[in-house]
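If you want the building blocks of each chain, they are given just below.
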Amino acid sequence: MRPVSVWQWSPWGLLLCLLCSSCLGSPSPSTDPEKRAGSQGLRFRLAGFPRKPYEGRVEIQRAGEWGTICDDDFTLQAAHVLCRELGFTEATGWTHSAKYGPGTGRIWLDNLSCSGTEQSVTECASRGWGNSDCTHDEDAGVICKDQRLPGFSDSNVIEVEHHLQVEEVRIRPAVGWGRRPLPVTEGLVEVRLPDGWSQVCDKGWSAHNSHVVCGMLGFPSEKRVNAAFYRLLAQRQQHSFGLHGVACMGTEAHLSLCSLEFYRANDTARCPGGGPAVVSCVPGPLYAASSGQKKQQQSKPQGEARVRLKSGAHPGEGRVEVLKASTWGTVCDRKWDLHAASVVCRELGFGSAREALSGARMGQGMGAIHLSEVRCSGQELSLWKCPHKNITAEDCSHSQDAGVRCNLPYTGAETRETWYWDSGNITEVVMSGVRCTGTELSLDQCAHHGTHTTCKRTGTRFTAGVICSETASDLLLHSALVQETAYIEDRPLHMLYCAAEENCLASSARSANWPYGHRRLLRFSSQIHNLGRADFRPKAGRHSWVWHECHGHYHSMDIFTHYDILTPNGTKVAEGHKASFCLEDTECQEDVSKRYECANFGEQGITVGCWDLYRHDIDCQWIDITDVKPGNYILQVVINPNFEVAESDFTNNAMKCNCKYDGHRIWVHNCHIGDAFSEEANRRFERYPGQTSNQII
């Protein structure tokens, strides 16, 4: 089985150098280190494993918080500057993609650009302190020349003893190794040390210890084991103990934070009177069926969950949202830490938190911000049990939305990028008709044709492929604007020729007495925000955009939105659609620059933090309701309805409103994004009896 790496989330790794930059030796003996004001207040260290004393993941302490550097645009010149900050003469190389293990906490610098001559990293160009779109899987490292700067003395470095560290933790089944279903939930606790895997002595082992181990391996809780069985089994097996005296409080995010002791090389009597530590973990609902423990699930609170994750690229990660007064809202990142993040992760059926994310790292939410300054001990069963501050309008903004990355069980399911895969040597198609909801852990869990596939021919043309990405766009419609701008217009037919050519009218318009008469149109504005972590771009390149002579513009997407009028039971009585004739940044947030503009056949798209406005007075920004009878209806708008462009979250692409039409006027109210309400509030919306008058309550 694949072990889980502690270094992935441990800022307390093996540290051989911890240097205060204000007291470092300078690049030449003639320079006074106390005058290096650029590095005042910063501290540098090398971390990670395995490594030598002069190499490792670069970590910087700023404002009392340790963080890392992203490898985007990182060069040897930047490594030179950082090695001098660390007290070495120069760099001989640098590493990317978290070679020394992912760090934790903030990513302090991104797109770092140095010439190599700077006296301090603060003199290098970057995106600014704490401004990054990276993950810790992109942490940069350096390899310094093993030669100290002239004038560098031992008093400038805090040496940490070369003690052992827990690198990774795994559960090894006591019997049936390699034949147990994944994920493995019960077995011997093993830790990987520099000389290999070792077991842990169970003397003094507690439920708190098991809770921490299970959390690291992606499980929300633990249960008692059959101690007698494992004691009997231990008598028949050889053991290699490397760790003892483990004492956790139960709130730690990983084992390296617990009090523990390592056996010395000359210890001959190891774990006298004891045996190997054993844990039995309880998987969350998402993993219970595959582990065969569905019937043994811990009791869950009745009713709808009050915490959820949105916009993550993987299970167990995303922006944290909480349910309050039947409405979903976000959490402000003030005082957000691993304890609070772990409470969220375990509440949702995952393990402890791998990262507590701040600064809207998982995209910005929309609507209410419900909580701020959440302070958890780590023992709470729900985030709502933690002390917190109720938010006020001036307290926080969505640029401070909190997020999490949780530890997940290893299931053996891996996605392989196959877009450029040459399938010329493939002789069998094993799956067809695949239909997924997006929450499945593997393709096997999606609906498909079963053993009888419909592909009769093989070859590249008939095989599916994917391009994987850690980030994606996330489009949301400004529902309040729809409600504010909706109105009816009776538009003469002689002004609708272009609209008819683009199929923006009901089918009955074909038999109308052109150019006489009119069509009744429900008009409204659509303001579409990109709140994701990547720009929204049309699927097709400019070379394949379609020119429409009548309106005099290109269509980058044939269908960008669907507009429908539905009866309360969901029957469609009128429909419309909008092609994306111009996807551009109409306006942006204060700190975001426009990137896309349609003029002069420019590039089309919507930048993260910007929105595209389709005003109510442009062609096809309507639904033809000429044939709709008076009554109570639902107005529905769906963005990107055919899923042509990847998004991190499709559940928020639909917007619904209640509306009453009396044959002359229309009242639109209660507009909301499809996933903004609780399940009960959505049921009330669907059961809405309609208005008997124009008085909206």
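You'll find the structure just up there.
Residues numbered from 1 in each chain as written. Predicted model: local features only at pLDDT ≥ 70, side-chain atom pairs only at ≥ 80, totals over all residues. Heavy atoms only, no water.

A word on the overall build of the chain
Next, step 1: Within the chain, the regular secondary structure consists of 8 helices and 36 strands.
Next, step 2: Of all 697 residues assigned to the chain, the portion counted as buried reaches 50%.
Next, step 3: Only carbon and sulfur atoms are counted for the fraction: they give 50% of the accessible area of the chain, which is about 33,300 Å². (Helix = DSSP H or I, 4+ residues; strand = E, 2+ residues; numbered from the N terminus. Buried < 20%, exposed > 50% of the residue type's maximum accessible area, 1.4 Å probe, protein only. Areas by Shrake-Rupley, 256 points an atom, 1.4 Å probe, with all protein chains shown as cover.)

Side note on the state of the cysteines
Next, step 1: For the structure shown, the criterion picks out 14 disulfides.
Next, step 2: Shown here is the disulfide that connects Cys-83 with Cys-144, its sulfur atoms set 2.1 Å apart. Taking the torsion about the S-S bond as the criterion, the Cys-83 to Cys-144 disulfide, at about -90 degrees, is left-handed. With Cys-83 in helix H1 (residues 76–85) and Cys-144 in strand S8 (residues 141–144), this pair connects stretches of sequence that are 61 residues apart. (Disulfide = S-S within 2.5 Å.)

Considerations on the nonpolar core
Next, step 1: Within the largest apolar cluster, 31 residues are counted, with the highest numbers of intra-cluster contacts made by Phe-560 and Leu-635.
Next, step 2: Listing elements by their share of this core, those giving two or more residues are strand S23 (475–477), strand S29 (557–566), strand S34 (631–639), strand S35 (654–661) and strand S36 (666–673).
Next, step 3: Core analysis: the next-biggest nonpolar cluster, separate from the first, contains 25 residues, Val-58, Phe-88, Trp-108 and Val-142 among them. (Core = buried A, V, L, I, M, F, W, Y, C linked by side-chain atoms within 4.5 Å.)

Thoughts on the side chain of His-254
Next, step 1: If you trace the backbone, His-254 turns up in the loop between strand S13 (241–247) and strand S14 (259–262).
Next, step 2: For His-254, a relative accessible area of 0% puts it in the buried group.

Examining the sheet that holds strand S25 (residues 518–523)
Next, step 1: Pairing within the open sheet is antiparallel, and its 3 strands lie in the order S24-S25-S33. Two strands close off the open sheet at either side, each with one partner strand: strand S24 (487–492) and strand S33 (622–624). Sheet twist, expressed as the mean angle between neighbouring strand axes with direction ignored, is 35 degrees.
Next, step 2: Here S24 pairs with S25 via 6 bridges, running antiparallel. For Asp-490, the partnering residue across the bridge sits in S25 and is Arg-520. (Pairing = 2+ DSSP bridges. Axes fitted to C-alpha atoms, helices over the stretch in contact; angles between N-to-C directions.)

Geometry only, nothing functional implied.
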